[in-house]
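Residues per chain, in single letters:
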Amino acid sequence: MTTNPLLTDWTTPFELPPFDKIKPEHFEEAFETAMAEAKAESDAIAKQSDRPDFGNTIAALEKSGERLTKVARTFFNLTSADTNETLQQIERDIAPKLARHSSDMLLNEKLFERIAELWNQRETLGLNTEDAKVLERYHMMFQRAGAGLDENGKSRIAEISQRLATLGTQFSQNILRDESDYQLVLETEEDRAGLPDFLLTAAAEAARERGHDGKHVITLSRSSIEPFLQFSTNRRLREEAFNAWSARGELEGETNNARIITETLALRSEKAKLLGFENFAAFKLDDTMAKTPDNVRDLLTKVWEPAAAQARAEEQKLSKMAANDGENHTIEAWDWRFYSEKVRKEEHDLDETELKPYLQLDSMIQAAFDTATRLFGVTFRELDDIPVYHPDVRVFEVLDPSGQHVGLFLGDYFARPSKRSGAWMSGFRSQHKLNGNVAPIIVNVMNFSKGAPGEATLLTFDDARTLFHEFGHGLHGLLSDVTYPMISGTSVARDFVELPSQLYEHWLSEPEVLSKFATHYKTGDKMPTDLLDKLLAAANFNQGFATVEYTASALIDLELHLLDSPDEIDIAAYEKAELGKIGMPNAITMRHRIPHFQHVFSGDGYSAGYYSYMWSEVMDADAFGAFKEAGDIFDEETADRLLTHIYSAGGRPDPEETYKAFRGRAPKIDALLKKRGFAA
Ligand SMILES: [Zn+2]
């Protein structure tokens, strides 16, 4: 009998991983055992003498490797949200082994023959829509992994996959180290000049956590550095902090990512060519809604032109504002947020410090929950005393309108040195119905600056939007109603997956939601109507900047994956030259510079895929119009269609078809341009 808690049956509430018993050293054995078990299962499916049918091949594969999935999800959720040196060491060791394990299965000839045979007979197998979709996904997954290649091709593909897994792990770990190594300790009054109370409170808390009691610390977490850049009147410190933020992954020494990036790009390019594609972007996009690099560039360019023009106009206003202050320098990247805040105050009489007391984390969580209740009828109940992986993690049970269990939602909201930067949704378990109804366990991870002990945590409006965004992904996972894990929840095309999340953001900007949940953290008063009006009126403020920093990242991600000999480039010089070509304004940097572009280089999730946010935005901007046209942002009939065709459908339907089924027509780009303030 094993005593390894990862390998025993989980008798915890809701079968959550037994976090209180799991120790890092349990993972190695658990991975070895679970991989061996998964391999035995897939080998048995491949070797059976029965003719292939959907049940003994596709459904059987869906049922296989269950323990490995549980162990891996537990592990990778921990290495993202609460890692340590032991876990990082195991991660470096296990990443290539898992890649190898996966290649062994995907390159198993007998298995592929069975899948290909079913694929060839698909019209005559009497499959329902969902079975047919799952068969298609399997066939494509094997093909795209190299199953159809000769022996040499297959073994090279397997080598490439292993090496890429190692490189992706190193890339992330380097960024995390650069981020946790840096702190700006504010020692004097002059260092703290201009900083509002909310930021000082959060900086004092960050200092306490880092052993600088009584001082103030600014970190490279977005929730810390962005407000610092917005408010600090100390230009020298703004420059220092900005440069540290911008240089992640680019510092001299062990954590420099340049060679990892060029090797990654070269291996991706080689893999794409082995699989018969001209370049990695063409390979990657073949399995998306966008389909081709040209379609992606076309969309991005349509947005880039008006955005860059607007950004230049914004910059002029910032320069004028600086000149009014008697500052005669040009606007640099570390000045943008500072002067932008001043211009916003002048144009809209709106400043972040006035807004922030009304945006409490707890109320915004309630706002996100309440929106889901009004749209989809689900309710949320917080549970205490459930062992979790970190004391900050909160657990909520999700119930359907009749009080039945839908799933579990974990919220992990605060920044800490053991967490990678950014915000994301992930799952410990996906919804499926292979062995009865299996309920999802979904987690949202954020990096908000924590309020002082016993005090409310206050968000910026951007933070609140991030919370709604990730909760939209969360609902996509929680409301999933499919049979097979392969197409569960967010397992959809990469450029469709941001639709449920970005669409959800729209409700946050509605007076009906804000006026109810934006309450002052001390007095409990509702946000005054004029402040609310000003906030909404300023919605498009600085959109030139925001669109430019995003679109530049998306364009460069695309170009990097079109390169023919990427191993020969000098990353810093390449980035500079490419930005020059598209006319990037000097005072704006990419939202994610290449050396720390985790979407693209920590694994290949969003590689040649960062455009996906914009692709999905064409749909989300257009989709929200359905509620507006119905005259009610919670219109029941529209919400029902949204649930049926999008939030519960997972990857079962074709994305274009399902969008049309929801909206009654294909999306138009007009709504996006209008939303960003680029069209009348
Ligand atoms: Zn997202």
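Definitions and limits used
Residues numbered from 1 in each chain as written. Predicted model: local features only at pLDDT ≥ 70, side-chain atom pairs only at ≥ 80, totals over all residues. Heavy atoms only, no water. Helix = DSSP H or I, 4+ residues; strand = E, 2+ residues; numbered from the N terminus. Rg over C-alpha atoms; globule rule 2.2 N^0.38 Å. Buried < 20%, exposed > 50% of the residue type's maximum accessible area, 1.4 Å probe, protein only. Phe/Tyr/Trp six-rings, centres within 6.5 Å; stacked < 30°, edge-to-face > 60°. Lys NZ or Arg CZ within 6 Å of the ring centre and 35° of its normal. Core = buried A, V, L, I, M, F, W, Y, C linked by side-chain atoms within 4.5 Å. Contact = heavy atoms within 4.5 Å. Pairing = 2+ DSSP bridges. Axes fitted to C-alpha atoms, helices over the stretch in contact; angles between N-to-C directions. Arc of directions from axis to C-beta. Polar contact = N/O pair within 3.5 Å; in protein donor to acceptor, adjacent residues only side chain to side chain. Donors = N, O, S within 2.8 Å, 3.2 Å for Na, K, Ca; no water. Parallel < 35°, antiparallel > 145°, perpendicular 65-115°, else oblique. Nonpolar A, V, L, I, M, F, W, Y, C, P; charged D, E, K, R; others polar.

1. Notes on the overall build of the chain
So, point 1. Along the chain, the regular secondary structure elements total 27 helices and seven strands.
So, point 2. Its C-alpha atoms give the chain a radius of gyration of 25 Å, within 12% of the compact-globule value 26 Å for 680 residues.
So, point 3. If one aligns the C-alpha atoms of the chain with their principal axes, the spans along those axes are about 80 × 60 × 55 Å.
So, point 4. Taking all 680 residues of the chain together, 58% fall into the buried category.

2. Remarks on the environment of Gly605
So, point 1. Structurally, Gly605 can be placed in the loop between helix H23 (598-601) and helix H24 (612-630).
So, point 2. By relative accessible area, which is 29% here, Gly605 ends up partly exposed.
So, point 3. Placed 353 residues apart in sequence, Gly605 and Glu252 show a C-alpha to C-alpha distance of 27 Å.

3. Side note on the packing of aromatic side chains
So, point 1. Applying the stated criterion across every chain yields a total of 38 aromatic pairs.
So, point 2. Put simply, the rings of Phe369, Phe380, Phe396, Phe409, Phe468, Phe471, Tyr504, Trp507, Phe624 and Phe627 touch in pairs and so form one group of aromatic residues.
So, point 3. Just above the ring of Phe283 sits the side chain of Arg144; from NZ or CZ to the centre is 4.0 Å.
So, point 4. The residue whose ring lies beneath Arg238 is Phe338, and the NZ or CZ to ring-centre distance is 4.1 Å.

4. A short note on the nonpolar core
So, point 1. Counting residues in each nonpolar core, the largest one holds 127 residues, and the members touching the most others are Tyr504 and Trp507.
So, point 2. Among the elements that take part in this core, helix H13 (residues 293-324) stands out by supplying 11 residues, more than any other.
So, point 3. Other than its neighbours up to four places away in sequence, Tyr504 contacts Ala368, Thr371, Ala372, Leu375, Phe468, Phe471, Gly472, Leu475 and Tyr647.
So, point 4. Listed in part, the 34 residues of the second largest apolar core include Leu68, Phe75, Leu78 and Val395.

5. What about the pairing of strand E4 (residues 394-399)?
So, point 1. Buried residues dominate E4, accounting for five of its six residues.
So, point 2. Pairing of strand E3 (residues 379-383) with E4 involves five bridges; the strand directions are antiparallel. Of the residues in E4, the one forming a bridge with Thr379 is Leu399.
So, point 3. Where E4 meets strand E5 (residues 405-414), six bridges bridge the pair, whose relative direction is antiparallel. By the bridge assignment, Val395 is partnered in E5 with Leu410.
So, point 4. Here E4 hands over to E5 after five residues, with Gly403 in that stretch at a positive phi of 85°.

6. Considerations on the sheet that holds E4
So, point 1. Strand order across the open sheet formed by five strands is E3-E4-E5-E7-E6, with mixed pairing between neighbours. Since the sheet does not close on itself, it has two edges, and those belong to E3 and strand E6 (424-429), each with one partner. Strand-to-strand twist of the sheet, defined as the mean angle between neighbouring strand axes without regard to direction, takes the value 30°.
So, point 2. Examined bridge by bridge, E6 and strand E7 (residues 441-448) share five bridges and lie antiparallel to one another. Bridging from a neighbouring strand, Gly427 pairs with Ile442 of E7.
So, point 3. Relative to the sheet, helix H17 (residues 461-478) contacts E3, E4, E5, E6 and E7, its axis offset from that of E7 by approximately 170°.

7. Some thoughts on helix H26 (residues 655-663)
So, point 1. Taken residue by residue, H26 has Pro655, Thr658, Tyr659, Phe662 and Arg663 as its buried positions. The buried residues of H26 occupy an angular sector of 125° when projected down its axis, which confines them to one face.
So, point 2. Taken together, the buried residues of H26 touch helix H18 (498-508), H24 and helix H25 (636-647).
So, point 3. A side-chain oxygen of the first residue of H26 lies 3.2 Å from the backbone nitrogen of Glu656; this N-cap is Asp654.
So, point 4. Phi turns positive one or two residues past the end of H26, at Gly664, with a value near 85°.

8. Some thoughts on the coordination of the zinc ion
So, point 1. Around the zinc ion, the protein supplies His469 (NE2), His473 (NE2) and Glu498 (OE) as donor atoms, at distances of 2.1 Å.
So, point 2. Here the donor residues of the zinc ion are spaced in sequence according to H-x3-H-x24-E. With a gap of four residues between them, His469 and His473 both fall in helix H17, about one helical turn apart. The pair formed by His469 and His473 is uniform in burial state, with each residue classed as buried.

9. With respect to the side chain of Arg192
So, point 1. Along the chain, the position of Arg192 falls in the loop between strand E1 (184-186) and helix H8 (197-209).
So, point 2. Within polar-contact distance, the side chain of Arg192 engages the backbone oxygen of Glu187 at 3.4 Å.
So, point 3. Aside from chain neighbours lying at most four places away, what touches Arg192 is Leu186, Glu187, Leu200 and His216.

10. A look at the packing of H25 against H26
Geometrically, a packed helix pair is captured by the angle between its two axes and the distance between the axes.
So, point 1. Where H25 contacts H26, the axes come no closer than 9 Å and their chain directions differ by 170°. Accordingly, the angle class assigned to the pair H25 and H26 is roughly antiparallel. Contacts between H25 and H26 involve Thr638, Arg641, Leu642, His645 and Ile646 from the first element and Thr658, Ala661 and Phe662 from the second.
So, point 2. Looking at the contact of H25 with H26 residue by residue, the class counts come to four nonpolar, three polar and one charged.

11. A few points about unusual backbone geometry
The bulk of non-glycine residues show a negative phi, and the bulk of peptide bonds are trans.
So, point 1. For Asp349, which is not glycine, the phi torsion reads 50° and is therefore positive.
So, point 2. By secondary structure assignment, the location of Asp349 is in the loop between helix H14 (333-348) and helix H15 (352-355).
So, point 3. On the accessibility criterion, Asp349 (43% relative accessible area) is partly exposed.
So, point 4. The phi torsion at Asn542 lies on the positive side, around 65°, for a residue other than glycine.
So, point 5. With respect to the element layout, Asn542 can be found in the loop between helix H20 (529-537) and helix H21 (543-560).
So, point 6. For Asn542, a relative accessible area of 18% gives the class buried.

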